[in-house]
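# A structural walkthrough
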Amino acid sequence: MKSLLKHLSPFAPDQSGAVSALFEFGGLIAICDAGGCTGNICGFDEPRWFTRRSAIFSAGLRDMDAILGRDDRLVAKLKAAMDGSGLAFSAIIGTPVPAIIATDFKALKRMAEKQTGLPSITVATTGTRHYDVGASDAWLELFKTFTTERRPVESGTVGVLGASPLDFPTLDAGNLLSAALEKEGWKTVNCYGMGAGLDAVKNASAVEKNIVVSPAGLAAAKYLKMAFGTPYEVRCPWLPKHVLAALPSLAVKKTLVIHQQFAANAVRDAILKRNENSNVTVASWFMMEPEFMREDDFRIDSEEAFIEAITNGGYDEVVCDSRLRAALPRDCSFNIIDFPHFAVSGRLLDEVK
Amino acid sequence: MNQAYSISAAELAARGKDDIPPELLSSAHLIYSSPATLAFNSPGAQGFGVKRAGLAVPGSVMLLVAPACCGRNTAALGCEAALSERFFYLMQDDTDIVTGRHLSRIPEAVKQVCDSCVKRPSAVMICITCVDALLGTDMERVCRKASDYAGVPVVPCYMYALTREGRLPPMVSVRRSVYSLLQPREKVPTSMNILGFFSPLRDDSELYPMLKSAGIHTIREISRCADFAEYQAMAEANFNLVLNQEARHAAADLRKRLGIPSVELARLYRTDKIANQYRLLGQAVGAEFDDAPYREKAEQAIENFRTKHGRRTFAVGEWLNADPFELALALIGNGFSVSEIFGTVGGSNFVYVKKIAALSPDTKIYSNLSPTMMFYDGKLSACDTVIGRDAMYYHPGLPGVPWNEERQPFGYAGVTALFAALADALSGKESAR
């Protein structure tokens, strides 16, 4: 049964991805739920929430709100919270409840903008999809809303799209990605959402190039290319040290890398750089963009499929979040190199043993 | 809006319980989400939400039937509580939600879950969420079908956050669910149950020796039941002692189904009121309790604390094992000050607000859930000691105790332990209590 999880627990959902993408931009984030989704997002999927004050709210929907579709009350509450707060915009994030009652998010956006006099972003997430889908939608909406002017290109400036703790298991990912790009010679690195804020988004048409570090950032990169001609490149310039340290042994073995696609691809590229004949396959539970897949790469769509693929694949080494081990038979012969994926396990790098 | 809203106890009492300002009413505004609100803003985010509570039945497992988002934090719960092997998930997709086809998969999923367990579960608790609340799913019927198919008791647990302020909120409903597997048995006059919590009372609670002195030899709590057989023996109880009003509905169900009457006590921190309760309990069960030694010990703990640490000024939160207003009133009554309370004012605790207003009119009352709490500034507070995990979040530099341990404090032993923990905190020791 594809939808049954007997060993693993569900991964970060789309609504968490949307909140993660918007977390650092100084807006009011209202999650259109009864309270439970907000608790899950903040308490489990957003590690930054514990380290700083943020403006995340639950709409506090009750049964009659859902039955009667009282969007006007939601917008009135949103306005009251925004008034005098100094927040730059509002964002309304969907959950299963508005999905079921078919909330019109476009109408909500218009109502919120009219009432607050400030930009509003709505993301029609449903809680049934993975985090990267919600993050992708949120990134796209963010840039569509705020990157409105074509500005002169600033030489030596690069944008980083798709970075979040859900994709990179460290709160320092913004600095680490930026440092790696600065080392390559870029003078200014705008790592959107992990270091670079709303002003950088408004100025996004001025960057020389965008680097897309996770599939969640790809739609926004394509939009910026279409709207402003900004080229983009898909690659991940930073990997954890302990993964890099394992490359010599991986280069001579049959290896499976499971992570978000672009980070997994980066591990493969690093292995192939050492030995171009290495046998490396990439898989992901999340988005797999066809144009960046190789022939044997695959998407994992169920726990059963994961067990089947990994136990019968003949791999010597598997680079993945070690929490996935819970689904595997105890007598598996391959070695696991732990590359935490926060969207899978809620673990950061400092939890690697 | 650029500062946290608060109202003095005097002003709130003067307005009355029918004129509570909207800033203190969660239905009147967006609900602020901060680490201070995590335990009660979501019925399953931390502590004993519906998911962990549903597993209170010994040997049971839980199948969460919901979109993936509803099960996400369960990984953390399992990790913390070594429960991970008891959680299973049947994830709903968009088509399931539109067509309800997931319901037909539940019997087979229950069977597969049972087959995958090393030891056959005593029961499968099916946890469903807002989705099925809105779909109007008849989960009782689905559970009967699954039970017939898999040959195991299957019980619904309703994690309906949408109904949190309704007649049957999730934490009330789940208490009924976990006792629903009890079947009628012959009553044993010397046996009783304690209902209300999903973890045991502190071992040093005076309730145990006092009840035993009244001839009650067997006291059962669901969290102390070693196995399903012991759990089933709860049906022989002569009466249920309800220590949390959220268990009132479960007690009423047990009275109706099994003929077990119940007596209800509240968790209090005012020793004179605790004494009153025990006197009334004694009258109800036909015994006279000698609670004097326990009361003396509790009052001595307060006196010792006051002597050593003086008349401290407290901030009292609501993420703790107490009603924050009753606890604040107890502190004020014992000669301490309470500068602020983070709490949810309602009909049941407004009586404490009025008493606080009479003794400490300037005590400020905040709502954790108000959007204005984004701007709370602890530097403006006069408190020097904090109680409650949420209050500790607002005042990270001050000594205090979270007082939200899973072992439940109650009665005099709770008072004694609280002041001992506070004394430890003020002495710079990490509380081990």
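Note that this is a predicted model, so its numbers are computed, not measured.

Let's shift gears to the overall build of chain A. Helix and strand content of chain A: 15 helices and 14 strands. Relative to a compact globule of 353 residues, whose C-alpha radius of gyration would be 20 Å, chain A shows 21 Å and is just as compact. Considered along the principal axes of its C-alpha atoms, chain A spans approximately 60 × 50 × 35 Å. Put simply, chain A has 353 residues, and 57% of those count as buried.

The next subject is the domain arrangement of chain B. Partitioning chain B into domains gives domain 1 (7-30 + 291-426), domain 2 (55-171) and domain 3 (191-264). The gap between the C-alpha centroids of domain 1 of chain B and domain 2 of chain B is 37 Å.

Right, let's get into the domain arrangement of chain A. Residue and element names in this part refer to chain A. Assigned domains within chain A: domain 1 (14-132), domain 2 (157-234) and domain 3 (241-351). Put simply, the middle of domain 1 and the middle of domain 3, counted by C-alpha atoms, are 34 Å apart. Counting from both sides, the interface comprises five residues of domain 1 and, opposite them, six residues of domain 3. A breakdown of the residues in the side of domain 1 that touches domain 3 according to their chemical character gives three nonpolar, one polar and one charged.

Ranked by size, the top nonpolar core spans 262 residues in total, and within it A:L22, A:I29, A:A30, A:F57, A:W139, B:L63 and B:I126 carry the most contacts. The element contributing the most residues to this core is helix 19 (residues 411-426) of chain B, with nine residues. For A:W139, the residues in contact, after removing those within four places along its chain, are A:A21, A:L161, A:A216, A:G217, A:A219 and A:A220.

On to the sheet that holds strand 7 (residues 191-195) of chain B. Residue and element names in this part refer to chain B. Spatial strand order, 8-7-9-10: four strands in an open sheet with parallel pairing. Two strands bound the open sheet, and with one partner strand each, they are strand 8 (218-221) and strand 10 (262-264). Averaged over neighbouring strand pairs, the angle between their axes works out to 25° when direction is ignored. Helix 13 (residues 248-258) rests against strand 7, strand 9 (239-242) and strand 10 of the sheet, and its axis sits at about 170° to strand 9.

Here we take up the interface of chain A and chain B. Tallying the contact residues gives 54 residues for chain A and 55 residues for chain B. Secondary-structure elements contributing two or more residues to the side of chain A that touches chain B are strand 1 (4-5), helix 2 (36-45), strand 3 (56-58), helix 3 (63-68), helix 4 (71-82) and helix 5 (96-100) of chain A. Here the side of chain A that touches chain B is composed, by residue class, of 27 nonpolar, 20 polar and seven charged. Across two bridges, the pairing between strand 3 of chain A and strand 2 (residues 31-32) of chain B is antiparallel. What sits directly across from A:S58, in strand 2 of chain B, is B:I31.

Conventions used here
Residues numbered from 1 in each chain as written. Chains lettered and ligands numbered in written order. Predicted model: local features only at pLDDT ≥ 70, side-chain atom pairs only at ≥ 80, totals over all residues. Helix = DSSP H or I, 4+ residues; strand = E, 2+ residues; numbered from the N terminus. Rg over C-alpha atoms; globule rule 2.2 N^0.38 Å. Buried ≥ 20, exposed ≤ 12 C-beta atoms within 10 Å, placed from the backbone. Domains from an automatic or database assignment. Contact = placed C-beta atoms within 7 Å. Nonpolar A, V, L, I, M, F, W, Y, C, P; charged D, E, K, R; others polar. Core = buried A, V, L, I, M, F, W, Y, C linked by C-beta atoms within 7 Å. Pairing = 2+ DSSP bridges. Axes fitted to C-alpha atoms, helices over the stretch in contact; angles between N-to-C directions.

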